[in-house]
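Chain by chain, the residues:
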Amino acid sequence: MPDIAVGNQVFDVVFHPNEDIVLAGLLTGEIKAFSYNDDGEHEAKWDLRPTKRSCRGLAFSYDGARVYSVSKDRTLHVIDSAQGSILETKLAAHDSPINRVAMAMPHMLATGDDEGVIKLWDTRNMSEVRAYKQHFDFISDFLWLEDKKHLVATSGDGTLSVMDVRASKTEPFAHSEDQEDELLSIVPIKGDQKVVVGTQLGVISIFNRKSGWGDCVDRFPGHPQSIDALAALTQDVILTGSSDGLVRAVQILPSKFLGAVADHGEFPVERLALDRRKKWLASASHDELLKLTDVQDALEESDDEGEKDAESRDDDEDQEDDEADTTAAPVPAPAPPQEDSDADSDEPAEKRKKRKKKSKDKDGSRKKANTAVDGAFFDEL
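Here the structure is a predicted model, which means the values were calculated and not measured.

**Q** Where do I start with the overall build of the chain in this structure?
**A** Along the backbone of the chain there are four helices and 28 strands. When the 381 residues of the chain are sorted by exposure, 48% land in the buried category. When contacts within the chain are restricted to residue pairs at least 6 apart in sequence, long-range pairs at least 24 apart make up 42% of them. Split by element, the accessible area of the chain, about 19,300 Å² in all, is 46% carbon and sulfur.

Here it is as structure tokens:
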């Protein structure tokens, strides 16, 4: 699909949960909505500027009827997603600029600001439910775990926290140890049993919910720069947006890089989002473009290549085995009782040559004394 020019830097991007519509929040405070189709065509739906300060975060309601936006001026807006009109404005929702917003339960919204404060809101009357203050640096991302009704937040202070939204207390359910690195993004994998976190140093940290939230259980380095955005493509494959401008497909446990999916050049990738079918990936950077990439086809191509590589490796192994059988030297007879002739005959010729070289002197000649001793030994037998 051709890139969608939006006219300014994109801060956040989000897909409609039920329709082929994507929204972009811009540095200028504008929110732009576009419709798209599988043929790669897109059309502008509406354009709204609820504030003159940057729109930092967007979140759809569960039914897609409303959009919640947060901005640098600490304002929380409720927007009609069909008409692009403001339904309600919550001024001074936080004491600091709001950085992230996410839906928790159908009538509960979460917001996080630059000072690490997290607030829960009742969307039926937009009233504050409670506030959490366990973090002291910006809230970078949210993750909602439906099975336990837990809200997970990552922070620039190097920790993540888990809040049970059903509990009335303002203390978190769990709080990790300091990971000694800024935690910037988070997604679930493996049926929500494991959680992947992107860091400032370019290392992927993996948390196992069964092992607790105290510390990560595994790390996967390899990104040259920070991992600012994550999206879960499958239960084993994630998409990473890095400051080097590349969007990569990465397999987790076993962990390996599968290849680059999109490229923003020299501009850092700061937001990723997948549509409801996990066909289109939206990536946002500083290039004033909303890039939509068909990752479904890319994943199928990578699977086909993986199958071809596996078949090629099997063919190569079979060919090597055949060559080893045809080039292997015959087993000398009679075989000494101490040696296992069956094991020797199954070894590749190359290994047998290496083993024979060990019995040579430095000048390449065999030790005659050893040969004589061996002959006398068999004569006695």
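Once you've had a look at it, read on.
**Q** When you look at the pattern of salt bridges in this model, what are you seeing that I'm missing?
**A** If charged atoms from side chains of opposite charge come close, those side chains can pair. Considering all chains together, one arrives at 18 salt bridges under this definition. Residue Asp12 pairs with Arg100 through a salt bridge whose shortest N-O separation is 3.6 Å. Linking Asp12 in strand 2 (residues 10–15) with Arg100 in strand 10 (residues 98–103), this pair joins segments that are 88 residues apart in sequence. There is no split in this pair, since Asp12 and Arg100 are both buried. Linked by salt bridges that have partners in common, Asp20, Asp38, Asp275, Arg276 and Arg277 make up one network.

**Q** It is not clear to me how the environment of Glu288 should be interpreted in this structure. Could you clarify?
**A** Locating Glu288 in the fold gives a position in the loop between strand 27 (280–284) and strand 28 (289–294). Taking the relative accessible area as the measure of exposure, Glu288 reaches 37% and is therefore partly exposed. Spatially, the C-alpha atoms of Glu288 and Leu27 are 9.7 Å apart, while their sequence positions differ by 261 residues. Setting aside anything within four residues of it in sequence, one finds Glu288 in contact with Ile4, Ala5, Val6, Gly7, Asn8 and Gln9.

**Q** How should the packing of aromatic side chains be read in this particular structure?
**A** To describe a pair of aromatic rings, one takes the distance between the centres and the angle between the planes. Applying the stated criterion across every chain, the model contains three aromatic pairs. Ring geometry for Phe220 and Phe257: centres 5.1 Å apart, planes at 40 degrees, overall tilted. You can see Phe220 sitting in strand 21 (residues 218–220) and its partner Phe257 sitting in strand 25 (residues 256–263), a full 37 residues away along the chain. Lys279 extends its terminal NZ or CZ atom over the ring of Trp280, reaching a point 5.4 Å from the ring centre.

**Q** Would you explain the sheet that holds strand 28 in this entry?
**A** Strands in a sheet are paired, the pairing made by backbone hydrogen bonds, and the direction either parallel or antiparallel. Strand order in the open sheet formed by four strands is 1-28-27-26, with antiparallel pairing between adjacent strands. On the outer flanks of this sheet lie strand 1 (4–5) and strand 26 (271–274), each paired with one strand and no other.

**Q** Could you clarify how one ought to interpret the nonpolar core in this entry?
**A** What tends to happen in soluble globular proteins is that the nonpolar side chains get buried as a cluster. In terms of nonpolar packing, the biggest core is built from 16 residues, with Val6, Phe15, Val22 and Leu290 touching the most fellow members. At the level of elements, strand 2, strand 3 (21–26), strand 4 (31–36), strand 27 and strand 28 are the ones that each hand at least two residues to this core. Contacts of Leu290, omitting those with residues within four sequence positions, involve Asp3, Ile4, Val6, Val13, Val22, Ala24, Ala282 and Ser283. Ala102, Ile139, Phe142 and Ala153 belong to the second largest nonpolar core, which has 14 residues in total.

**Q** Can you help me understand a negative patch on the surface in this one?
**A** Residues Glu177, Asp178, Glu180 and Asp215 make up a contiguous surface patch of negative charge. Secondary-structure assignment places Asp215 in the loop between strand 20 (204–208) and strand 21.

**Q** What's the story with the side chain of Asp294 in this structure? I'm lost.
**A** The topology assignment puts Asp294 in strand 28. In this structure Asp294 comes out as buried when scored by relative accessible area, which is 18%. A polar atom in the side chain of Asp294 sits 2.8 Å from the side chain of Lys279. Separated by 3.2 Å, the side chain of Asp294 and the backbone nitrogen of Gln296 make a polar contact. Sequence-distant contacts of Asp294, that is, excluding residues within four places in its chain, are made with Lys279 and Trp280.

**Q** What exactly am I supposed to notice about the sheet that holds strand 11 (residues 108–113) here?
**A** The four strands are arranged 10-11-12-13 in an open sheet whose pairing can be described as antiparallel. Of all the strands in the sheet, the pair left with one neighbour each is strand 10 and strand 13 (127–132). Each strand of the sheet is rotated relative to its neighbour by a mean of 25 degrees, with strand direction disregarded. Here strand 10 pairs with strand 11 via five bridges, running antiparallel. Each residue of the ladder has a partner; that of Val101, found in strand 11, is Thr111.

**Q** Would you mind going over the environment of Ala92 with me for this structure?
**A** With respect to the secondary-structure elements, Ala92 resides in the loop between strand 9 (85–90) and strand 10. With 18 residues separating them in the primary sequence, Ala92 and Arg74 have C-alpha atoms 5.1 Å apart.

**Q** What am I meant to see in the pairing of strand 13 here?
**A** On a regular strand, one side chain projects to one face of the sheet and the next to the other, so that they alternate. Relative to strand 13, strand 12 (residues 118–122) runs antiparallel, the two being bridged by five bridges. Note that in strand 13 the partner of Trp121 across the bridge is Glu128. In this antiparallel pair of consecutive strands, strand 12 and strand 13, the connection spans four residues, and Met126 shows a positive phi of 55 degrees.

**Q** Help me understand the side chain of Thr111, please; the structure alone is not making it clear to me.
**A** With respect to the secondary-structure elements, Thr111 resides in strand 11. A polar atom in the side chain of Thr111 sits 2.7 Å from the side chain of His94. Among the polar contacts made by the side chain of Thr111, one reaches the side chain of Trp121 at a distance of 2.9 Å. With residues up to four places along the chain from it excluded, the contact list for Thr111 reads Val70, His94, Ile98, Arg100, Val101, Val117, Ile118, Lys119, Trp121 and Phe142.

What counts, and at which threshold
- Residues numbered from 1 in each chain as written.
- Predicted model: local features only at pLDDT ≥ 70, side-chain atom pairs only at ≥ 80, totals over all residues.
- Heavy atoms only, no water.
- Helix = DSSP H or I, 4+ residues; strand = E, 2+ residues; numbered from the N terminus.
- Buried < 20%, exposed > 50% of the residue type's maximum accessible area, 1.4 Å probe, protein only.
- Contact = heavy atoms within 4.5 Å.
- Areas by Shrake-Rupley, 256 points an atom, 1.4 Å probe, with all protein chains shown as cover.
- Salt bridge = Lys/Arg side-chain N within 4 Å of Asp/Glu carboxyl O.
- Phe/Tyr/Trp six-rings, centres within 6.5 Å; stacked < 30°, edge-to-face > 60°.
- Lys NZ or Arg CZ within 6 Å of the ring centre and 35° of its normal.
- Pairing = 2+ DSSP bridges.
- Core = buried A, V, L, I, M, F, W, Y, C linked by side-chain atoms within 4.5 Å.
- Patch = residues over 30% accessible without salt bridge, like charges linked within 9 Å, V, L, I, M, F, W, Y side chains within 5 Å.
- Lys, Arg positive; Asp, Glu negative; His and termini not counted.
- Charge placed at Lys NZ, Arg CZ, Asp CG, Glu CD.
- Polar contact = N/O pair within 3.5 Å; in protein donor to acceptor, adjacent residues only side chain to side chain.
- Axes fitted to C-alpha atoms, helices over the stretch in contact; angles between N-to-C directions.

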